[in-house]
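# Examination of the molecular architecture
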Amino acid sequence: MEERQPGSSALLTDRPHWDATQARVLDAADALISRRGVHGVTIAELARKSSLSRPTIYRSWNDADDVVRSALLRRVIGLIDQFPAPARTRAALVDDVMRFTALFRTDAVYSRLLDDEPEAFTRYTLQRVGSSQRMILQWLAAAIAAAQDDGSVRAGEPQEIAVMLLLIAQSAVISHGTVADLIDEAAWERELRAALDGHLRA
């Protein structure tokens, strides 16, 4: 088994921090998205759910859309935090991306968007590279650089390789429901793993 050094979270150099009051608002956003979708997230509902005033919320965010983006970013960081150290080989990196994909698909908030509000998922994740994707790219690029040192990942700019790796995984996740009648879960996972490995192979 690959031996890893602890501390992948420290690699997230742009990692934001939310105080206790802000966390209450983001907790409220999580609950509202899970139950009603992003369209149910308004400043009034956030204030009611968090037992905070609207001016308190506006001190940290411009509008409900800003709150949703922060909530999604916090959840991505929470997923990355489940990987205590960066992968240092191609095989370990592919394993981590597959595990991240599984965690992402079963996350209470992201699964709600994928299943019931694909247009909202697209708006928040695909129309532009937002803070959540940049955080994932930081994590991937660090692991790619380490695996390049190992010699198991091909040469190239880690950030550029990470961008395409993210696109492969992201496209597979978004299209999963569309192709469910054509390919079963085991085959989907096998083919995604092969695509990720092929992209990284030296």
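Just so we're clear, the structure is a prediction, and the values are computed from it rather than from any experiment.

## Let's talk about the overall build of the protein
When its secondary structure is counted, the protein shows 10 helices and 0 strands. Reading the protein from its N terminus to its C terminus gives the helix and strand order α-α-α-α-α-α-α-α-α-α. Taken over the C-alpha trace, the protein has a radius of gyration of 18 Å; the compact-globule value for 202 residues is 17 Å, and the two agree within 12%. Dimensions along the principal axes, computed over C-alpha positions, put the protein at roughly 55 × 40 × 30 Å. The 202 residues of the protein split such that 47% are buried. Considering only contacts in the protein between residues 6 or more positions apart, those separated by 24 or more positions represent 70%. A total accessible area of about 10,100 Å² is found for the protein, and carbon and sulfur atoms account for 52% of it. When the 24 positive and 28 negative side-chain charges of the protein are each reduced to one mean point, those points stand 6 Å apart.

## Quick look at the pattern of salt bridges
In total, this model carries 15 salt bridges according to the counting rule given. Put simply, Glu191 and Arg190 hold a salt bridge, and the shortest N to O gap is 3.3 Å. For Arg201, the salt bridge is made with Asp197, and the minimal N-O distance between the two is 2.5 Å. Here the salt bridges do not stand alone but share partners, grouping Asp27, Asp30, Arg74, Arg75 and Asp107 into one network.

## Let's talk about the packing of helix α5 (residues 90–106) against helix α8 (residues 131–150)
For the pair α5 and α8, interaxial distance at closest approach is 9 Å and the crossing angle is 160°. Taken together, α5 and α8 sit at an angle that is classed as roughly antiparallel. Considering how the two elements wind past one another, α5 and α8 form a crossing that is right-handed. Each of Arg90, Leu93, Asp96, Val97 and Phe100 in α5 lies in contact with α8, whose residues at this interface are Ile136, Trp139, Leu140, Ala143, Ile144 and Ala147. Here the residues of the contact of α5 with α8 are counted per class, giving 9 nonpolar, no polar and 2 charged.

## Topic: the packing of aromatic side chains
Aromatic rings in a pair are described by how distant their centres are and how their planes are angled relative to each other. For the structure on display, the rule yields 5 aromatic pairs. Here the aromatic cluster, defined as three or more aromatic residues joined through ring pairs, consists of Phe83, Phe100, Phe104, Tyr110 and Trp139. Note that Arg99 overlies the ring of Phe83, its terminal NZ or CZ placed 4.5 Å from the centroid. In this structure, Arg105 is placed above the aromatic ring of Trp188, and the distance from its NZ or CZ to the ring centre is 4.7 Å.

## Section: the nonpolar core
Side chains of nonpolar character tend, in soluble globular proteins, to be buried together. By size, the foremost hydrophobic cluster in this structure holds 60 residues, and its most contacted members are Leu46 and Leu140. Residues contacting Leu140, with those up to four places away along its chain left out, are Leu93, Val97, Ala162, Leu165 and Leu166.

## Regarding the environment of Ser111
Along the chain, the position of Ser111 falls in helix α6 (residues 108–116). On the accessibility criterion, Ser111 (16% relative accessible area) is buried. The spatial distance from the C-alpha of Ser111 to the C-alpha of Ile144 is 27 Å, given a sequence separation of 33 residues. The residues contacting Ser111, other than those within four sequence positions of it, are Phe104, Arg105 and Thr106.

## Focus: the environment of Ser60
Along the chain, the position of Ser60 falls in the loop between α3 (54–58) and α4 (64–80). A relative accessible area of 35% places Ser60 in the partly exposed class. Separated by 39 residues in the primary sequence, Ser60 and Thr21 have C-alpha atoms spaced 9.7 Å apart. A distance of 3.0 Å separates a polar atom in the side chain of Ser60 from a polar atom in the side chain of Gln22.

## Focus on the packing of α8 against helix α9 (residues 158–175)
Running from N to C, α8 and α9 point in directions that differ by 120°, and their axes come no closer than 8 Å. Considering their axes alone, α8 and α9 lie oblique with respect to each other. Handedness of the α8/α9 crossing: right-handed. Facing α8, whose interface residues are Gln133, Ile136, Leu137, Leu140, Ala141, Ile144, Ala145 and Gln148, α9 presents Pro158, Gln159, Ile161, Ala162, Val163, Leu165, Leu166 and Gln170.

Rules used throughout
- Residues numbered from 1 in each chain as written.
- Predicted model: local features only at pLDDT ≥ 70, side-chain atom pairs only at ≥ 80, totals over all residues.
- Heavy atoms only, no water.
- Helix = DSSP H or I, 4+ residues; strand = E, 2+ residues; numbered from the N terminus.
- Rg over C-alpha atoms; globule rule 2.2 N^0.38 Å.
- Buried < 20%, exposed > 50% of the residue type's maximum accessible area, 1.4 Å probe, protein only.
- Contact = heavy atoms within 4.5 Å.
- Areas by Shrake-Rupley, 256 points an atom, 1.4 Å probe, with all protein chains shown as cover.
- Lys, Arg positive; Asp, Glu negative; His and termini not counted.
- Charge placed at Lys NZ, Arg CZ, Asp CG, Glu CD.
- Salt bridge = Lys/Arg side-chain N within 4 Å of Asp/Glu carboxyl O.
- Axes fitted to C-alpha atoms, helices over the stretch in contact; angles between N-to-C directions.
- Parallel < 35°, antiparallel > 145°, perpendicular 65-115°, else oblique.
- Left-handed = near helix turned anticlockwise from the far one by under 90°.
- Nonpolar A, V, L, I, M, F, W, Y, C, P; charged D, E, K, R; others polar.
- Phe/Tyr/Trp six-rings, centres within 6.5 Å; stacked < 30°, edge-to-face > 60°.
- Lys NZ or Arg CZ within 6 Å of the ring centre and 35° of its normal.
- Core = buried A, V, L, I, M, F, W, Y, C linked by side-chain atoms within 4.5 Å.
- Polar contact = N/O pair within 3.5 Å; in protein donor to acceptor, adjacent residues only side chain to side chain.

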